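# Observations on the model geometry
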Amino acid sequence: MSADKINLLSKLAVGDKHGEDSPYFDGWKAYDNNPFHPEHNPQGVIQMGLAENQLCSDLIKEWIKANPQASICTAEGIDGFSDIAVFQDYHGLKQFRQAIAAFMERARGGRVRFEEERVVMSGGATGANETLMFCLADRGDAFLVPTPYYAAFDRDLSWRTGVRIIPVECNSSNNFQVTKQALESAYLNAQETGIKIKGLILANPSNPLGTSLDRETLHTLMNFINDKQIHLVCDEIYAATVFAEPGFISVAEMIQEMDHVNRDLIHIVYSLSKDMGLPGFRVGVVYSYNDAVVTCARRMSSFGLVSSQTQSFLAAMLSDQIFVDNFLKEVSKRVAKRHLIFTEGLKEMGVSCLTSNAGLFVLMDLRQMLKDQTFESEMSLWRIIINKVKINISPGSSFHCSEPGWFRVCFANMDEDTLQIALQRMKHFVLRHRENKKRKSFQENLKLSFSSMTYDEHVRTPTLMSPHSPLVRT
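Naming follows an unreviewed UniProt entry, where the protein chain appears as Aminotransferase class I/classII large domain-containing protein of Brassica carinata.

### Considering the overall build of the protein chain
Secondary structure summary: the protein chain contains 17 helices and 13 strands in total. Here the C-alpha coordinates of the protein chain stretch approximately 115 × 60 × 55 Å along the principal axes. Expressed as a percentage of its 474 residues, the buried residues of the protein chain come to 50%. Intrachain contacts of the protein chain at a sequence separation of at least 6 include 73% that bridge at least 24 residues. Of the accessible surface of the protein chain, which amounts to about 23,200 Å², a share of 52% is contributed by carbon and sulfur atoms.

### A few points about the packing of helix H9 (residues 180-192) against helix H10 (residues 215-228)
Running from amino to carboxyl end, H9 crosses H10 at an angle of 25°, the nearest separation of the two axes being 10 Å. Here H10 runs roughly parallel to H9, going by the angle between their axes. Here H9 and H10 pass one another in a crossing that is right-handed. Listed contacts from H10 to Lys 180, Leu 183, Glu 184 and Tyr 187 of H9 are Thr 220, Leu 221, Phe 224 and Lys 228. Looking at the contact of H9 with H10 residue by residue, the class counts come to 4 nonpolar, 1 polar and 3 charged.

### Observations regarding the environment of Arg 106
Here Arg 106 lies in helix H6 (residues 94-107). Each C-alpha atom, one on Arg 106 and one on Met 300, is 28 Å from the other, the two residues being 194 residues apart in sequence.

### Thoughts on the side chain of Ser 206
Relative to the helices and strands, Ser 206 is located in the loop between strand E5 (197-203) and H10. Discounting residues that sit within four places of it in the chain, Ser 206 has contacts with Thr 211 and Phe 361.

### Things to note about empty space enclosed by the protein
To find the voids left in a structure, one rolls a probe of water-molecule size over its atoms. According to the stated counting rule, one finds 1 cavity of 30 Å³ or more in the structure shown. Within this model, the largest cavity holds a volume of roughly 40 Å³. What lines the largest cavity is Met 48, Phe 342, Leu 346, Met 364, Ile 391, Ile 393, Val 409, Ala 422, Leu 423 and Met 426. Broken down by secondary-structure element, the contributors of at least two residues to the lining of the largest cavity are helix H14 (321-348) and helix H16 (416-464). No other element matches the 3 residues that H16 contributes to the lining of the largest cavity. By residue class, the composition of the lining of the largest cavity is 10 nonpolar, no polar and no charged.

### Quick notes on the pattern of salt bridges
Per the stated rule, a full pass over the model turns up 19 salt bridges. Its salt-bridge partner being Arg 113, residue Glu 105 comes within 3.1 Å of it at the nearest N-O pair. Overall, the relative accessible area of 10% leaves Glu 105 in the buried class. On the accessibility criterion, Arg 113 (66% relative accessible area) is exposed. One salt bridge in this structure joins Lys 333 and Glu 330, with 3.3 Å as the shortest N-O distance. Of this pair, Lys 333 and Glu 330 both sit in helix H14, 3 residues apart, which is roughly one turn of that helix. Owing to a relative accessible area of 48%, Lys 333 belongs among the partly exposed residues under this scheme. Taken together, the shared-partner salt bridges in this structure form one network comprising Asp 58, Glu 330, Lys 333 and Arg 334.

### Observations regarding the side chain of Thr 310
Summarising the element assignment, Thr 310 is placed in helix H13 (residues 308-318). For Thr 310, a relative accessible area of 16% gives the class buried. Setting aside chain neighbours within four positions, we find Thr 310 in contact with Phe 281 and Val 283.

### Topic: the sheet that holds E5
Taken in spatial order, the 7 strands of this open sheet run E2-E8-E7-E6-E5-E3-E4, and their pairing is mixed. Edge positions in the sheet fall to strand E2 (119-123) and strand E4 (164-168), since each of these pairs with one other strand and no more. Sheet twist, expressed as the mean angle between neighbouring strand axes with direction ignored, is 25°. Along the sheet face, H6 touches E2, strand E7 (266-271) and strand E8 (283-288) and points at about 80° away from the line of E8.

Cut-offs and rules
- Residues numbered from 1 in each chain as written.
- Predicted model: local features only at pLDDT ≥ 70, side-chain atom pairs only at ≥ 80, totals over all residues.
- Heavy atoms only, no water.
- Helix = DSSP H or I, 4+ residues; strand = E, 2+ residues; numbered from the N terminus.
- Buried < 20%, exposed > 50% of the residue type's maximum accessible area, 1.4 Å probe, protein only.
- Contact = heavy atoms within 4.5 Å.
- Areas by Shrake-Rupley, 256 points an atom, 1.4 Å probe, with all protein chains shown as cover.
- Axes fitted to C-alpha atoms, helices over the stretch in contact; angles between N-to-C directions.
- Parallel < 35°, antiparallel > 145°, perpendicular 65-115°, else oblique.
- Left-handed = near helix turned anticlockwise from the far one by under 90°.
- Nonpolar A, V, L, I, M, F, W, Y, C, P; charged D, E, K, R; others polar.
- 1 Å grid on protein atoms, 1.4 Å probe; cavity = no way out; pocket = protein on both sides within 12 Å on 5 of 7 lines; lining within 4 Å.
- Points joined across faces, edges and corners; volume = space filled by probe spheres on them.
- Salt bridge = Lys/Arg side-chain N within 4 Å of Asp/Glu carboxyl O.
- Pairing = 2+ DSSP bridges.

Right, dumping it as structure tokens:
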């Protein structure tokens, strides 16, 4: 962009803080430029960098066919068109907020209650997270975020708000679990450099780890934020994808057990993008226990409302308790099955993953395939996987992982046939890499052995000389 054009725009417009040039988004571009199709482009890039749930869309389609009156764009539902198509204020449709609150309760096993008055709409979880940043912090303030964390948090939380992210380093020695010691250290370091910490942000279940927080860890984290009197923002958008123990425990459940915790500090982000596989509907939710935050977030929601048509349709579907209960059961079951198919396929080729119990992805361990244990080697390996193997996966460095060699791989955004093709590509690559490594090792050992033999011959030469040698005669 020329200097003249830059001068016409804001610093935000011409800046590079969006993060679009990261490997996380570069992988998407590689897929967009050469997308896999089983018939039209079988050699294309397979998209395994998108955490999308396509495993239960058939259930939603079946419900739509059985309930055509739920849409105002059908003959059966046209009578409601005028009421829905007119202006709606930013509170949203009452029946929609009621249905969302009820769905959130069911997705958490019915162990908690959510009030419809606290449900604030937003344009997906992206908008919900940014809205909370605008409500809770000023430009230059900071939030602690345990690593590795969702790659787009840098954009969602910081780009327009000016809020800073302070990574809390976690490592594989304890499966990347956040500890109080790590939190205290990050908090103290920030204070010493004059950075104002306004809160802690958690993704539970975690993206990219695919793990949920246990009760003891949640207890520690909530005591930490309460002691410091800083906010806790808990992103719970993968709540219904949990398929194994320790299960999912919402922060909403924890505050029922911890009366001493200041509820004004607790805020939840939710969405229908992951649990229901509806990212295109752009349904995000801010749920805060702080009245002032609810009021402010609702005012801000004018900039990212959910369309009234979408609200009306979802209110009808989510009010069908039989459908919802069956859907939640099937989501957990189908994610578990797909997770097993993928991890077993990797295990057969000698590739392991971080043990996980939730999410639409795994954190794959390719540390043994790095040339050396550096992030430069991680990026070199990632480029080979993108350009040669033709699979888009996301390197751990894009999630601020503290150790090179980990890659997030999504498994729920494709059919099983495509998944098997991806596994075959990966298997071929891993076995070829292993064979090349053995061959190189053999050649190096052979070279070393030959060098040693040559050296030994030089050493032994004087003692092995013939007595008739000219050198001996001399």
